[in-house]
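Architecture and fold: a report
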Amino acid sequence: MNYDVVSFVLAFAAAARSFAPDVWFLVRRLLGAGVRIGAETLVEQQPPSPAAPSHTASLDEGGRR
């Protein structure tokens, strides 16, 4: 095996180990954003149900959160 190849493999392994936490953090953030966007899109596309309770009651009308 050539020393250049071994050097490249070791450098790549060190870089992968160094940047892996940042990459996983970004992947998790992107997946979370995708889930939120997808959920919002599904909620917008769903027609309102007449039997669904209204969640817009004010505190004066007895609504509690």
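Report follows, based on the coordinates. All values reported here derive from a predicted model rather than from experimental measurement.

**What to know about the overall build of the chain**
When helices and strands are tallied, the chain shows one helix and zero strands. Split into buried and exposed, the 65 residues of the chain put 2% on the buried side.

**Observations regarding the packing of aromatic side chains**
Scanning all chains against the criterion turns up one aromatic pair. For the ring pair phenylalanine 8 and phenylalanine 12, a centre distance of 6.4 Å and an interplane angle of 25 degrees mean the geometry is stacked. Placement of the pair is phenylalanine 8 and phenylalanine 12 together in helix α1 (residues 3-45), with a separation of four residues, close to one helical turn. Comparing phenylalanine 8 with phenylalanine 12 shows no difference in burial state: the two are exposed.

**Considering a nonpolar patch on the surface**
Residues Phe19, Val23, Trp24, Val27 and Leu31 make up a contiguous nonpolar surface patch of about 540 Å² in total accessible area. The topology assignment puts valine 27 in helix α1. Since its relative accessible area comes to 32%, valine 27 is described here as partly exposed.

**Looking at α1**
For α1, spanning 43 residues, the distance from its first C-alpha to its last is 59 Å, which sits close to the expected 63 Å at 1.5 Å a residue. At phenylalanine 19, α1 shows its maximal bend, which comes to roughly 45 degrees, and the proline proline 21 appears one to four places after that position.

About the cut-offs
- Every chain begins its residue count from 1, and numbering advances along the sequence as written.
- Reporting of local features is limited, given that this is a predicted model, to residues whose pLDDT is at least 70; pairs of side-chain atoms are given and counted only at 80 or more, and all residues count toward the totals for whole chains, interfaces and linings.
- The side-chain values count all of the structure's non-hydrogen atoms but skip hydrogen atoms and water molecules.
- Numbering of helices and strands runs from the N terminus; a helix is a DSSP stretch of H or I covering at least four residues, while a strand is a stretch of E covering at least two.
- Three labels apply to residues, based on accessible area from a 1.4 Å probe with only protein chains included: buried if under 20% of the type maximum, exposed if over 50%, partly exposed otherwise in between.
- Working definition: a ring pair exists when centres of Phe, Tyr or Trp rings (six-membered ring for Trp) sit within 6.5 Å. Plane angles under 30 degrees give stacked, over 60 give edge-to-face, the rest tilted.
- Any residue with relative accessible area above 30% and no salt bridge may belong to a patch, with like charges joined within 9 Å and the nonpolar Val, Leu, Ile, Met, Phe, Trp and Tyr side chains within 5 Å.
- Here the open area of atoms and residues is found with the Shrake-Rupley method and a 1.4 Å probe, where only the protein chains shown may cover a residue.
- Any carboxyl oxygen of Asp or Glu within 4 Å of a side-chain nitrogen of Lys or Arg constitutes a salt bridge here.
- One less than the residue count of a helix, multiplied by 1.5 Å, gives the span that helix is expected to have.
- Bend, at a single residue, is the angle you get between axes fitted to the 7 residues ending at that residue and the 7 residues starting at it.

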